[in-house]
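A structural walkthrough
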Amino acid sequence: MEKIGIIDLGSNSVRLMIVGIAPDGSYKLIDEAKESVRLSEHMGPEATLKPIAIERTIEALRLFQHLCRAHGITRTDCVATAAVRQAVNQKEFLQQVKTATGLDFRVLTGWEEAQAAYNGVINTIDIDRGVIVDIGGGSTEVIRIEDRRMVQAISLPFGAVTLTENRIDSARGPNKPSEEQLKALESFLADQFAAIDWLKDMESPTIVGLGGTVRNLSKIDRKRKKYSLDITHNYRMTPKDVHEIYRSVKTVNLEQRKKIPGLSKDRADIIVAGLAIISALINTARGAQLVVSGSGLRDGLFYQYLLREQPIPVVDDVVRHCVNNLMRYYSLERDHSRHVAALTLSMFDQLTALHEMGPFERRILEVASLLHDIGIHVNYYDHHKHSFYLITSTRLNGLTHREILMAAFVAMAHTKTFSGNLLPYKDILSDDDGRTIRKLGVILRIAEALERSEAGVVSAVRLHHHVENVHLVAHTRHSADLEICDAYKVAPDFKKVFGRNLLVSAQSGA
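It should be emphasised that the depicted structure is a prediction, and the values quoted were computed from it without experimental measurement. (Residues numbered from 1 in each chain as written. Predicted model: local features only at pLDDT ≥ 70, side-chain atom pairs only at ≥ 80, totals over all residues. Heavy atoms only, no water.)

Within the secondary structure, Gly 398 is located in the loop between helix H16 (383-393) and helix H17 (401-412). Distance in space between the C-alpha atoms of Gly 398 and Cys 68 is 30 Å, their sequence separation being 330 residues. Aside from chain neighbours lying at most four places away, what touches Gly 398 is Thr 124, Asp 126, Asn 234, Val 318, Val 319, Arg 363 and Glu 403. (Helix = DSSP H or I, 4+ residues; strand = E, 2+ residues; numbered from the N terminus. Contact = heavy atoms within 4.5 Å.)

Let us look at the domain arrangement of the protein. Interfaces are often sized by the amount of accessible area the parts lose when they come together. What the domain assignment reports for the protein is domain 1 (2-107), domain 2 (111-298) and domain 3 (319-508). Listed as interface residues are five residues of domain 1 and, on the opposing side, six residues of domain 3. Where domain 1 abuts domain 3, roughly 550 Å² becomes buried across the two surfaces, and 44% of that area is made up of carbon and sulfur atoms. Per-residue buried area on domain 1 facing domain 3 is highest for Ser 26, Tyr 27 and Lys 28; these three make up 79% of the total on that side. Counting across the interface, domain 1 meets domain 3 through zero salt bridges. Inspection of the region where domain 1 meets domain 3 yields two residue pairs in polar contact (both at pLDDT 80 or more). (Domains from an automatic or database assignment. Buried area = accessible area lost by both parts, 1.4 Å probe. Salt bridge = Lys/Arg side-chain N within 4 Å of Asp/Glu carboxyl O. Polar contact = N/O pair within 3.5 Å; in protein donor to acceptor, adjacent residues only side chain to side chain.)

So, on to the layout of surface pockets. Looking at the largest pocket, its volume works out to about 1,200 Å³. Around the largest pocket, the lining comprises 44 residues; the ones closest to its centre are Leu 29, Glu 32, Gly 294, Ser 295 and Arg 395. Taken together, the elements giving at least two residues each to the lining of the largest pocket come down to strand S2 (13-21), strand S3 (27-36), helix H7 (212-225), helix H11 (297-306), helix H12 (318-329), H16 and H17. It is S3 that contributes the most residues to the lining of the largest pocket, six residues altogether. Residues that form the lining of the largest pocket fall into these classes: 17 nonpolar, 15 polar and twelve charged. (1 Å grid on protein atoms, 1.4 Å probe; cavity = no way out; pocket = protein on both sides within 12 Å on 5 of 7 lines; lining within 4 Å. Points joined across faces, edges and corners; volume = space filled by probe spheres on them. Nonpolar A, V, L, I, M, F, W, Y, C, P; charged D, E, K, R; others polar.)

To continue, consider the packing of H17 against helix H18 (residues 431-450). For the pair H17 and H18, the least separation of the axes is 8 Å and the interaxial angle reads 40 degrees. The pairing of H17 with H18 is recorded here as oblique in orientation. Crossing geometry of H17 relative to H18 is assigned as right-handed. Residues Arg 402, Met 406, Phe 409, Val 410 and Ala 411 of H17 pack against Asp 433, Thr 436, Ile 437, Leu 440, Gly 441 and Leu 444 of H18. When its residues are assigned to classes, the contact of H17 with H18 shows seven nonpolar, two polar and two charged. (Axes fitted to C-alpha atoms, helices over the stretch in contact; angles between N-to-C directions. Parallel < 35°, antiparallel > 145°, perpendicular 65-115°, else oblique. Left-handed = near helix turned anticlockwise from the far one by under 90°.)

A word on the pattern of salt bridges. Throughout the structure, instances matching the rule amount to 32 salt bridges. Here Arg 144 ties to Glu 146 by a salt bridge, and the two come within 3.1 Å at their closest N and O atoms. Glu 146 carries the same exposure label as Arg 144, and that label is buried. As a salt-bridge pair, Lys 240 and Glu 244 come within 2.6 Å of each other at their nearest N and O atoms. Taken together, the positions of Lys 240 and Glu 244, both in helix H8 (residues 239-250) and four residues apart, correspond to about one turn of that helix. Exposure remark for Lys 240: the relative accessible area of 56% places this residue in the exposed category. Through salt bridges with shared partners, a single ionic network connects Asp 221, Arg 224, Lys 225, Lys 240, Asp 241 and Glu 244. (Buried < 20%, exposed > 50% of the residue type's maximum accessible area, 1.4 Å probe, protein only.)

Laid out in structure tokens, this is it:
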């Protein structure tokens with residue numbers, strides 16, 4: 001297995017991501033590490049990296065170097081962003097790092113940083129059009145997406161750390177920021193974003209936020225709402241949610257902020273400035289919603305390497321790419337899974353007049369069909385339950401949290417009747433979603449029954465609708481008694497959810 005180590009040295013923290021790439025092309029996050037180094041601390045107008053900050057950074061990089069060696073890293077990509085980019089002693093600092101750790105860093109331009117952030121988002125979130133904002137410690141990248149392509153980008157020379165130091169340093173002390181400081185900060189940010197002409201032309205775009213500020217924002221929101229899923233990536237927030245949390249954070253002092261559920265203590269002193277940035281951007285762009293991305297610069301650098309043979313390192317379909325990767329990584333019987341999916345989707349399409357569902361439900365059914373057996377990776381017994389756990393716990397890119405839960409419940413229903421217990425997730429799923437899951441689960445159970453021998457005995461299905469019955473004709477290559485018998489067992493549940501009797505017969509020779 002090839003192992004890639006990616007180190008991102010920012011103004012506030014240094015982060016390591018280790019990803020393994022198997023010979024079949026599947027990949028998996030192996031380890032992550034983060035150290036808060038505050039490299040840009042007290043750089044001041046002279047833009048000089050200070051000795052204490054440099055020492056903290058080198059110590060963290062030594063730790064990362066040991067982790068890389070322990071994991072047997074085969075390739076390392078080390079990049080530095082705003083603090084090093086702006087430092088007048090950049091060359092001397094990089095040489096110190098090289099001498100102390102052996103690590104060679106390349107300094108990204110603002111455009112390169114924006115490009116990497118874009119690649120991290122566009123390959124993991126299903127979005128055609130919108131704005132990406134990457135709030136760092138010393139810079140903020142704002143990117144415009146049209147038709148899944150980055151068409152414009154700007155790197156602004158301020159971030160959560162530098163704004164705190166230069167404009168509201170009282171946020172770090174015992175007192176809360178003054179009204180005058182906050183008004184001056186908000187006015188400054190409003191002017192900065194108003195100067196980006198294309199922001200005003202986008203008509204309430206979706207805003208995708210990344211970086212520690214945005215991740216902490218989502219954690220605070222999930223805590224206060226008692227959100228039932230512990231998932232950051234693709235979490236959705238309304239502008240009202242963002243502004244409310246910003247108001248609650250900026251009106252208290254540092255010690256009070258440290259007690260806010262969901263807020264990391266090592267970010268409490270810079271969170272006011274960070275949230276001021278996202279709040280101002282939403283106001284200027286009239287953003288419709290904030291989508292939180294757990295993928296950013298490091299992920300983007302990984303996809304640039306993984307997809308290096310392509311002219312543009314962007315996957316065609318985020319969901320399909322992710323599902324195919326999971327199928328390879330978890331060593332699923334791909335022929336079986338794909339045949340079950342083909343039978344399932346064929347039945348879904350032929351039952352449209354009965355179920356009146358559309359592309360949204362069809363995609364959920366396709367994902368559930370392809371991943372229904374993923375739980376076998378844990379244990380065959382109760383693998384339907386393990387499938388639910390893995391689908392909700394493994395990063396499933398491109399799907400909303402609601403779609404992930406629905407796909408997990410449908411996959412779990414491939415062996416047994418869906419129990420309908422949505423109570424733990426009532427904040428995400430509705431009663432209507434429960435009815436949809438029951439219908440999709442029954443269709444998947446029939447397809448799984450028709451592929452019981454995992455030998456492709458049933459090559460295709462045809463459904464004939466009658467007043468009280470649906471007649472399923474299974475086209476078989478040879479005798480399919482086992483498959484037909486198992487399909488009949490689903491008939492009572494089919495009647496419950498669709499209101500029709502299910503008749504099953506076989507037609508051989510097709």
